Amino acid sequence: MPASDSTDTLAQKIAPPQDESEAARHARILQETLAYEVSKQIDAEIRACKAALRKKKAVKVLVLGQAESGKTTTIKNFQMQYARQSWLEERHSWRAVIYLNLVRSVNLITDILSVELDETSTAADGVTLSDQHQILLLRLSPLRRIQASLEDLFATGTFPALRDDRRHSSPLSVMAAARIIRVSDDMDGLDLKPTYAPVLQEFTVFSNCGWKSVLGKSRLPEFSTGTRSPKRRHADPVDEVEDLLCSCKDDIKALWRDLGVKRSLAYHHLRVEDSSGFFLNDVDRIVARGYVPSDEDIVRARLRTMGVQEYSLTLDRGESSRTEWIMYDVAGCRTQRAAWVPYFTDVTAIIFVAPLSCFDEQLAENHRVNRLQDSFQLWDTICCSALLAHVQMILLMNKCDLLEKKLKKDKLRVHDYIPEFQGENNMKTVTTCTSTLSCMLLTY
Ligand SMILES: Nc1nc2c(ncn2[C@@H]2O[C@H](COP(=O)(O)OP(=O)(O)OP(=O)(O)O)[C@@H](O)[C@H]2O)c(=O)[nH]1
Ligand SMILES: [Mg+2]
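The notes below deal with the structure included here. (Residues numbered from 1 in each chain as written. Chains lettered and ligands numbered in written order. Predicted model: local features only at pLDDT ≥ 70, side-chain atom pairs only at ≥ 80, totals over all residues. Heavy atoms only, no water.)

1. Here we look at the side chain of Thr434
And step 1. Counting through the fold element by element, Thr434 comes out in helix α17 (residues 427–443).
And step 2. Sequence-distant contacts of Thr434, that is, excluding residues within four places in its chain, are made with Leu356, Phe376 and Met397. (Helix = DSSP H or I, 4+ residues; strand = E, 2+ residues; numbered from the N terminus. Contact = heavy atoms within 4.5 Å.)

2. A word on the packing of aromatic side chains
And step 1. Under the definition given, this model contains 7 aromatic pairs.
And step 2. Note on Tyr99 and Tyr291: the rings are 6.1 Å apart at their centroids and 40° apart in plane angle, and the pair reads as tilted. In this pair, Tyr99 is assigned in helix α5 (residues 94–119) and Tyr291 in the loop between α12 (283–286) and α13 (295–300), connecting sequence segments 192 residues apart. Each member of the pair Tyr99 and Tyr291 is classed as buried.
And step 3. Three or more aromatic residues joined by ring pairs form one cluster here, namely Phe78, Tyr82 and Trp325.
And step 4. Cation over ring: Lys76 sits above Trp94, and NZ or CZ is 4.7 Å from the ring centre.
And step 5. A cation over an aromatic ring shows up here: Lys406 above the ring of Phe359, its NZ or CZ 5.9 Å from the ring centre. (Phe/Tyr/Trp six-rings, centres within 6.5 Å; stacked < 30°, edge-to-face > 60°. Buried < 20%, exposed > 50% of the residue type's maximum accessible area, 1.4 Å probe, protein only. Lys NZ or Arg CZ within 6 Å of the ring centre and 35° of its normal.)

3. Digging into the site of ligand 1
And step 1. Around ligand 1, 19 residues are found, and the nearest of them are Lys71, Thr72, Thr73, Arg302 and Asp401.
And step 2. A distance of 2.5 Å separates an oxygen atom of ligand 1 from a polar side-chain atom of Thr73.
And step 3. Between ligand 1 and Asp401, the relevant distance is 2.8 Å, taken from a nitrogen atom to a side-chain nitrogen or oxygen of the residue.
And step 4. Protein contact buries 85% of the 660 Å² of open area that ligand 1 shows by itself. (Near = heavy atom within 4 Å. Polar contact = N/O pair within 3.5 Å; in protein donor to acceptor, adjacent residues only side chain to side chain. Areas by Shrake-Rupley, 256 points an atom, 1.4 Å probe, with all protein chains shown as cover.)

4. A closer look at a nonpolar patch on the surface
And step 1. Among the surface-exposed residues, Val38, Ile42 and Ile46 lie close enough to one another that they form a single nonpolar patch of about 250 Å² accessible area.
And step 2. Relative to the helices and strands, Val38 resides in helix α2 (residues 22–57). (Patch = residues over 30% accessible without salt bridge, like charges linked within 9 Å, V, L, I, M, F, W, Y side chains within 5 Å. Salt bridge = Lys/Arg side-chain N within 4 Å of Asp/Glu carboxyl O.)

5. Brief notes about the nonpolar core
And step 1. Counting residues in each nonpolar core, the largest one holds 64 residues, and the members touching the most others are Leu143, Phe154, Leu245, Ile252, Val272, Leu280 and Met327.
And step 2. The leading source of residues in this core is α5, at 14 residues.
And step 3. Mapping this core onto the domain boundaries places at least three of its residues in each of domain 1 (57–83 + 315–443) and domain 2 (92–299).
And step 4. If you look at the next biggest cluster of nonpolar residues, it comprises 32 residues, including Ile326, Cys358, Leu378 and Leu412. (Core = buried A, V, L, I, M, F, W, Y, C linked by side-chain atoms within 4.5 Å. Domains from an automatic or database assignment.)

Spelled out as structure tokens, the structure:
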């Protein structure tokens, strides 16, 4: 208890008697401790009541769509535009996700390279792999420990020591991260070259494992301005990752621009640059002391989530008269869709995210199902649900930039993948057809 001020009458009144015995002092302290605990409990209950009230009044939005459709990205964009304060507070903490994305890309490439080096000294397409590649692999091996430690951080909330050698997995055992399968075995009936193609296994966080609190833990207001104080080195364990990455920076760049590596990746049909969370072209900017993620980096950062993740946002911009919003981010793969239903009864609106660019892709969970067709079927099911009859529906057709690239640059034809599509193979026709069909399904 602070020393009482002789001029403070309240302090004088509650001060213990001067002749207080030892037993009376113990009893008083015990009573004060109990009273403090009760007070804390009442405070917690008041906070919980206020939160429940806020939740009751909040606008609730359920964001639906198939896996990798862009649901989490949509929520991030919404938060960036309308809940700017919390967005700025979280900015710094996304560094861990971006580093994990980068390190996983590097480890995937070194996995492929190890296989090539093991099998033959001549890589795909006649490019010779040399001792230099072996040395590069060795020099980049610390990135395996970084990956393991960051994944543990997101899975358990604790950060294991980076120098713990037991965590150093060999490239071959990490082949699980880039499981190599025979395309011809897996997709019989499809006219594909009998070669090997890597299937990336993404790192997944579960909504109930508290990964959001991991991001929350390293919220530091000073970072929201986009500058960082050099004094805080190693206050945050991710600073240690930053240091280790900086020491591997030149090797990472050498790996990515190496001709032999490029040819090996092409031979395995692996376009790392098209995968989610690709940052290898930004190494100079990202792997630098004092790096603070930009808005674009955060939007591009990828963390696959399982379960239903709740985002409570307080809007500080925009026209909405209701400032408390709860956005539910679901997992989109087929096995997870049943978990959406309990949320149908209490939502204000649904945003359905439909990526238009995926007309030439198959579902990861079933290679025989076209992704665009699956999206339409899912939208149809949502539109027909009696539970959602009074819910506002918003259809967000995204990935139009990728659609344009596929149509214009890659010269892919929608009709070749979806025979029912008979229109002209250009952006205008494809987007008009898909939106007309979606509207028909909604009003049907
Ligand atoms: N080019 C482009 N990429 C996008 C767009 N929208 C999302 N993405 C990317 O698509 C990938 C998947 O996006 P997410 O938001 O993680 O997808 P999700 O629907 O939450 O996926 P799950 O969590 O697996 O269900 C990420 O790498 C995003 O950056 C877009 O409009 N254009
Ligand atoms: Mg997601």
